[in-house]
Amino acid sequence: MLIRNLFNIALASMALILSGCNGGVLDPKGQIGIDEKNLIIIATVLMLLVVIPVIVMTLYFAWKYRDTQNHEIYAPKWAHSNKIEAVVWAVPIVIVVILGVITWQSTQELDPYKPIEGKGEHLTVEVVSLNWKWLFIYPEQGIATVNELVFPANVPVEYKITSESTMNSFFIPQLGSQIYSMAGMETKLHLIANEPGTFKGFSANYSGAGFTGMKFNAIATPTKADFNQWVEQVKTNANSLTHANYVELAKASENNPVAYYGKVDEGLFHTIVMKYMQAHGDMNKKHHSMGKHQQMSNEHQAMGNHSMPSSHGQGEE
């Protein structure tokens, strides 16, 4: 009766815990997310193969050899058992080897830079993390949005990610991996939604006062036609995202509403990535110019020294 009650309590607790997983990594809606969930479950089960027996045996031995138990064999000179040593060492070694093989394989298969194979042509979305909002640029469609990401279901998406300033982390839990956005760098992530729906996205890396407002909806449309219709709607918007007004957009602001831009300057994402490299290039040119000037100065000085007669030679004459 006691065991049955404990089992019911454990089952109810597990159901309560898992009820909070709706919309998270344990409720995946994309192939990458599904593969990562399976990896989490496999790794957890393998580790529980050690944890559960240890807990059970600890409780069992504590009960079996309790102080009031008088009929158990007392063996004060017992010191070693080859069987116990074999089990204690063999089981963890096997588990570590299995985990190592799984980790190696999953690292290759779930590489965020690796395109998703067998799903057709990828849609490209350029992602910029701002303080404190997300900018999504669609270079092929010539549009952009703030805090709303739209793509067709069952179509792989290639995300090119950078940051305006502070490092952030681009994360849509139900679709899969997160990856960092860093100023002056471009990272990549490939995800796919296996079904239409609206999924929550946010920054998984603290970046200041407005961090909690860095949230967006990732909307997977049922078909490509629905996505194309959405693109046409955005193109009717009169707002244009130029290099000039991007500077205004990049200013820090909190809890930004969704915004649409019907036209985007070509090469804006590349300009953002290279923003902090321009001064470096100017500095290199400056150093190169100074070095060239110094070299010419040295050459003129050497020529002057070579053509000027010495005072000693004039005295001899």
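Residues numbered from 1 in each chain as written. Predicted model: local features only at pLDDT ≥ 70, side-chain atom pairs only at ≥ 80, totals over all residues. Heavy atoms only, no water.

Chemist: Looking at this structure, I do not really get helix α2 (residues 31-64). What am I missing?
Modeler: Two residues of an α-helix separated by three or four positions point the same way, owing to the 3.6 residues in each turn. Its 34 residues place the ends of α2 49 Å apart at the C-alpha level, agreeing with the 50 Å of an ideal helix rising 1.5 Å per residue. At Leu48, α2 shows its strongest bend, of approximately 35°. Within the sequence span of α2, burial applies to Ile32, Gly33, Ala43, Leu46 and Lys64. (Helix = DSSP H or I, 4+ residues; strand = E, 2+ residues; numbered from the N terminus. Expected span 1.5 Å × (residues − 1). Bend = angle between axes of the 7 residues up to and from the residue. Buried < 20%, exposed > 50% of the residue type's maximum accessible area, 1.4 Å probe, protein only.)

Chemist: So what exactly am I meant to see when it comes to the sheet that holds strand β10 (residues 215-221) here?
Modeler: For sheets, the rule is that strands pair by backbone hydrogen bonds, running either parallel or antiparallel. Read from one edge of the open sheet, 5 strands run β4-β10-β9-β6-β7, paired in mixed fashion. Taken across any chain shown, the strands that pair with only one partner, and hence form the sheet edges, are β4 (148-152) and β7 (179-181). Neighbouring strand axes in the sheet, compared pairwise and without regard to direction, differ in orientation by 25° on average. Summarising the sheet, strand β6 (residues 168-171) and strand β9 (residues 197-203) pair through 2 bridges and their orientation is antiparallel. Bridge assignment links Phe171 to a residue of β9, and that residue is Phe202. Those strands touched by helix α4 (residues 224-235) are β4 and β10, and its axis lies near 140° from that of β4. (Pairing = 2+ DSSP bridges. Axes fitted to C-alpha atoms, helices over the stretch in contact; angles between N-to-C directions. Contact = heavy atoms within 4.5 Å.)

Chemist: How should the side chain of Glu164 be read in this particular structure?
Modeler: Mapped onto the elements, Glu164 comes out in the loop between β5 (157-163) and β6. You can call Glu164 buried: its relative accessible area is 7%. A polar atom in the side chain of Glu164 sits 2.4 Å from the side chain of Lys275. When residues no more than four places from it in sequence are discounted, the contact partners of Glu164 are Val128, Ser129, Leu130, Ala183, Tyr246, Ala250, Ile272, Lys275 and Tyr276. (Polar contact = N/O pair within 3.5 Å; in protein donor to acceptor, adjacent residues only side chain to side chain.)

Chemist: Would you mind going over α4 with me for this structure?
Modeler: Given a rise of 1.5 Å per residue, 12 residues ought to cover 16 Å, and the 16 Å separating the end C-alpha atoms of α4 matches this to within 8%. Buried within α4 we find Phe227, Trp230, Val231 and Val234. When α4 is viewed along its axis, its buried side chains cluster within an angular range of 105° and face the same direction. Those residues of α4 hidden inside the fold are in contact with β1 (123-130), β2 (133-138), β3 (143-146), β4, β10 and β12 (259-261). (Arc of directions from axis to C-beta.)

Chemist: How should the pattern of salt bridges be read in this particular structure?
Modeler: For the structure shown, the criterion picks out 5 salt bridges. In this structure, Lys29 engages Asp27 in a salt bridge whose closest nitrogen and oxygen atoms are separated by 3.6 Å. Residue classification places Asp27 among the buried positions, given a relative accessible area of 18%. Here Lys275 makes a salt bridge to Glu164, at a shortest N to O gap of 2.4 Å. Of this pair, Lys275 sits in the loop between α6 (268-273) and α7 (278-307) while Glu164 sits in the loop between β5 and β6, and the two are 111 residues apart along the sequence. Lys275 sits in the partly exposed class, given a relative accessible area of 37%. In the salt-bridge network here, residues are joined through shared partners; they are Asp27, Lys29 and Glu195. (Salt bridge = Lys/Arg side-chain N within 4 Å of Asp/Glu carboxyl O.)

Chemist: I'm lost on the confidence of the model for the protein chain in this one. Help?
Modeler: Low-pLDDT stretches of the model should not have their predicted coordinates read in fine detail. In the predicted model, the protein chain carries a mean pLDDT of 84, and 80% of its residues have values of at least 70. No element of the protein chain has a lower mean pLDDT than helix α8 (residues 311-316), at 39, and none a higher one than β4, at 98. (pLDDT = per-residue confidence, 0-100.)

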